[in-house]
Amino acid sequence: MQTKHSASPLRIGTRGSALALAQAHETRDRLMRAHGLPEEAFEIVVIKTSGDRIQDRPLSEVGGKGLFTKEIEAAMLEGGIDIAVHSSKDMPTVLPEGLELVAFLPREDVRDAFISHKAARLQDLPQGAVVGSSSLRRQAMIKRLRPDIDVVMYRGNVQTRLQKLADGVVDATLLAHAGLKRLGLGEVVTSVIGTDEFLPAVGQGAICIEARADDTRTRDLLAAIHDRDTETCLVAERAFLKVLDGSCRTPIGGLARLVEGELRFAGLILTPDGRTRHETTRDGAPGDAEALGTDAGAELKRRGGPGFFSG
């Protein structure tokens, strides 16, 4: 396929962590195969984000999910990059004007992975064990399952968190199984937690690609690697999150799956201490993904009440 990128490289914006780079390389490699393009037809541009710089505080205290995307999106709006590769679960539900999510890669495992040198499962940890997690959703679910466990804030990239575990800073941690697999670190997983026990974050396991809405040539290039089933599921999940005003301040889980042509969705909200939770499920046609997610979110917002989302 001949594109403008045959002469000038397609510039792929990404964060600089090992996982972010692995996702950018996967995107590049899929585009190379789909269009018969050489590696030189692409340039990977590393952009440091606020979320990478701030490591000593929970994201909820310093601005939420947009901290991992705003500098990359600014570079795209200014013309410094052509596309941005993100973990879908890092994406705010409202994007800057002029930018759109135009492609999703086939989704990896959506489940959370339990990693520990002291127990085979979270339930088997000794009383008073310390578990590290930066995710309010995981923290709340851990507390719900094991109120006796001490859950501590645990920022940093995957390698940093694994090193803290090896150094004995914590007794266990939870990470996305998809990220570990993409990094070739599947062997560090002690056990994988089923979605019936720990509903994943919205978008977990899915790579999304953002581009300028008016960049038709780039959108056409990306169409060849776009996975429609992943998009359908993410449309439902992100609609659910949008209704709940999902930032990093409320523990929220949501998962949509296509089963024999039907879209099945499960969503939940919890209080940060894990003591109160509301759940719902929906089944529907794939074409109704946005409406289905919106309806599920509206139900949980009503059931939670106005005080639920303020902590």
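Our subject is the structure that appears above.
Here the residue index of a chain counts from 1 through its sequence in written order. Confidence filtering applies because this is a predicted model: local features only for residues at pLDDT of at least 70, side-chain atom pairs given and counted only at 80 or more, and all residues used for totals across whole chains, interfaces and linings. In computing side-chain properties, one takes all heavy atoms of the structure into account and sets aside hydrogens as well as water.

Trainee: Is there a simple way to think about helix α4 (residues 70–77) in this case?
Mentor: Quick reminder: α-helices carry 3.6 residues per turn. Residues three or four places apart thus point the same way. Throughout this description, buried means an accessible area under 20% of the type-specific maximum (1.4 Å probe, protein chains only), exposed means over 50%, and partly exposed covers the range between. Secondary structure follows DSSP: runs of H or I at least 4 residues long count as helices, runs of E at least 2 residues long count as strands, and numbering of each begins at the N terminus. Of all the positions in α4, only Ile72, Glu73, Ala75 and Met76 are classed as buried. Down the axis, α4 shows its buried residues gathered within 155 degrees of arc, on one side only. By definition, residues are in contact when any of their heavy atoms lie within 4.5 Å. Along its buried surface, α4 packs onto β1 (10–14), β3 (83–87), β4 (99–104) and β10 (207–212). Once α4 finishes, Gly79 follows within two positions and takes phi at roughly 85 degrees, a positive value. Directions pointing from the helix axis toward each C-beta atom define the arc.

Trainee: Looking at this model, I keep getting lost on the pattern of salt bridges. Mind explaining?
Mentor: For this analysis, a salt bridge means a side-chain nitrogen from Lys or Arg found within 4 Å of a carboxyl oxygen belonging to Asp or Glu. This model, assessed by the stated rule, comprises 23 salt bridges. For Asp295, the salt bridge goes to Arg282, with nearest N and O atoms at 2.8 Å. In this pair, Asp295 sits in helix α10 (residues 289–304) while Arg282 sits in strand β13 (residues 277–284), placing the two residues 13 residues apart along the sequence. Residue Asp295 is classed as partly exposed on the basis of its relative accessible area, which comes to 39%. When its relative accessible area of 17% is taken as the criterion, Arg282 is described as buried. Between Glu299 and Arg282 there is a salt bridge, with the nearest N and O atoms lying 2.9 Å from each other.

Trainee: Quick question: what am I supposed to make of helix α6 (residues 158–166) here?
Mentor: Looking only at α6, the buried set comprises Val158, Arg161, Leu162 and Leu165. Down the axis, α6 shows its buried residues gathered within 100 degrees of arc, on one side only. Where α6 begins, the side chain of Asn157 points an oxygen toward the backbone nitrogen of Gln159, at a separation of 3.2 Å. At the exit of α6 stands Gly168, carrying a positive phi of roughly 85 degrees. Residues adjacent in sequence count toward polar contacts only when both atoms are side-chain atoms; beyond that, a polar contact is any pair of N or O atoms within 3.5 Å, and within protein one must be able to donate a hydrogen and the other to accept it.

Trainee: Explain the sheet that holds strand β11 (residues 252–259) here, please?
Mentor: Strand pairs in the sheet, formed through backbone hydrogen bonds, run parallel or antiparallel to each other. Strand pairing requires that DSSP identify at least two bridges connecting the strands. If you walk across this open sheet you meet the three strands as β11-β12-β13, and the pairing is antiparallel. In the strand order of this sheet, the two ends are held by β11 and β13, each with one partner. Mean inter-strand twist for the sheet, computed between neighbouring axes without regard to direction, equals 10 degrees. Sheet topology note: the strand β12 (residues 262–270)/β13 ladder contains eight bridges and is antiparallel. Residue pairing across strands places Ala266 opposite Thr281, the latter belonging to β13. Structural elements are reduced to axes, namely lines fitted to C-alpha atoms, with helices fitted over the stretch in contact, and the angle between N-to-C directions of any two is expressed from 0 to 180 degrees. Running over the sheet, helix α9 (residues 228–243) touches β11 and β12 and is turned about 150 degrees from β11. Helix-sheet contacts for α10 involve β12 and β13, and the interaxial angle to β13 is about 155 degrees.

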